[in-house]
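Residue-level structural notes
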Amino acid sequence: MPTHIDHKKYLFAAVILAMSLAPAPLRAEPTMEEITVGFQVPRLVERDIFVRYDGSTVYLPVIEVFRLLDINIGFDLERTRIEGFLFVKDHRYELRPSESKAIVNGVDYSLAATEFQYSGVEFYLRLDQFKRLFGLEMSFDFNQLRVLLPLNAEFPAYKRLVRKQSRDKLRKTEAALKNLKAVPRKREMFSGGVLDWTLSA
């Protein structure tokens, strides 16, 4: 007795099999745009810088920010690592974009693809990662397009500013003393003639 073949069932099964074997759609990467924001450290820095914005948070250029704070930073010879030290030479760090990690004070930190961007010239780090890696807690105000970093007396740029202000104050004091010595003292007001006239009056 001939077997009846249901072609619709076979077609449906083939469609289901094809769907199961098809690769999952790739998740779209967040769109990045470059915007200008104000970077501010009270009593120290107020400068406009270019950052990358993904629609919710900003990625700051590490090299530019560290140079504004006078924090030691530079590339290795092959430009595969960004390295330096923070406030003291013993507090060293390395940023290794090709390995998606950072090493700070000998501790390894993994970096997800959403936490940094590397252009080959500049290393952009997501705002919250500055606190995790370096203890620099920044805040971003979208309404004012401003990134605020509280002042830390250990910032090398601030120490340099304090030294400059001390030198300027010392120079002004020395200049004032020189001017005081240069003014002739009016001794004639205490001369004997004036004194005798005063006593005889």
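The present account deals with the structure reproduced in this document. (Residues numbered from 1 in each chain as written. Predicted model: local features only at pLDDT ≥ 70, side-chain atom pairs only at ≥ 80, totals over all residues. Heavy atoms only, no water.)

Details of unusual backbone geometry
- The phi dihedral of Arg79 is positive, around 55 degrees, even though this residue is not glycine.
- Relative to the assigned elements, Arg79 resides in the loop between β4 (74-75) and β5 (82-85).
- Residue Arg79 is classed as partly exposed on the basis of its relative accessible area of 40%.
- Phi angles above zero are rare outside glycine, and Leu145 is one such case at about 50 degrees.
- Following the sequence through the fold, Leu145 ends up in the loop between β11 (139-141) and β12 (146-148).
- Since its relative accessible area comes to 35%, Leu145 is described here as partly exposed. (Helix = DSSP H or I, 4+ residues; strand = E, 2+ residues; numbered from the N terminus. Buried < 20%, exposed > 50% of the residue type's maximum accessible area, 1.4 Å probe, protein only.)

A short note on the sheet that holds β12
- Reading across from one edge, β9-β10-β3-β2-β1-β12-β11 is the order of the 7 strands in this open sheet, with mixed pairing throughout. Every other strand in the sheet has two partners, leaving β9 (116-118) and β11 as the edge strands with one partner each. Adjacent strand axes in the sheet meet at a mean angle of 35 degrees, parallel and antiparallel pairs treated alike.
- Taken together, the 3 bridges between β11 and β12 define a ladder with antiparallel strand orientation. Bridged to Asp141 within β12 is Arg146. (Pairing = 2+ DSSP bridges. Axes fitted to C-alpha atoms, helices over the stretch in contact; angles between N-to-C directions.)

Re the packing of aromatic side chains
- Counted under the stated rule, the structure contains 10 aromatic pairs.
- Consider the rings of Tyr53 and Phe140, whose centres lie 6.4 Å apart with planes at 55 degrees: the pair is tilted. Placement of Tyr53 in strand β2 (residues 45-53) and of Phe140 in strand β11 is noted, with a sequence separation of 87 residues between them.
- By relative accessible area, which is 11% here, Tyr53 ends up buried.
- Ring centres of Phe116 and Phe123 lie 5.4 Å apart, and the angle between their planes is 5 degrees; this geometry places the pair in the stacked category. As far as the burial class goes, Phe116 and Phe123 line up, both buried.
- Each member of the aromatic cluster is reached from another via a ring pair, and the members are Phe66, Tyr93, Phe130 and Phe134.
- A cation over an aromatic ring shows up here: Arg52 above the ring of Tyr124, its NZ or CZ 4.3 Å from the ring centre. (Phe/Tyr/Trp six-rings, centres within 6.5 Å; stacked < 30°, edge-to-face > 60°. Lys NZ or Arg CZ within 6 Å of the ring centre and 35° of its normal.)

Quick notes on the sheet that holds strand β7 (residues 101-104)
- Pairing is antiparallel in the open sheet, where 5 strands are placed in the order β4-β5-β6-β7-β8. Edge positions in the open sheet fall to β4 and β8 (107-110), since each of these has one partner strand only.
- Two strands pair when backbone bridges link them, and β5 and strand β6 (residues 92-96) are joined in this way by 4 bridges, in the antiparallel orientation. Across the sheet, the residue bridging to Phe85 is Arg92, located in β6.

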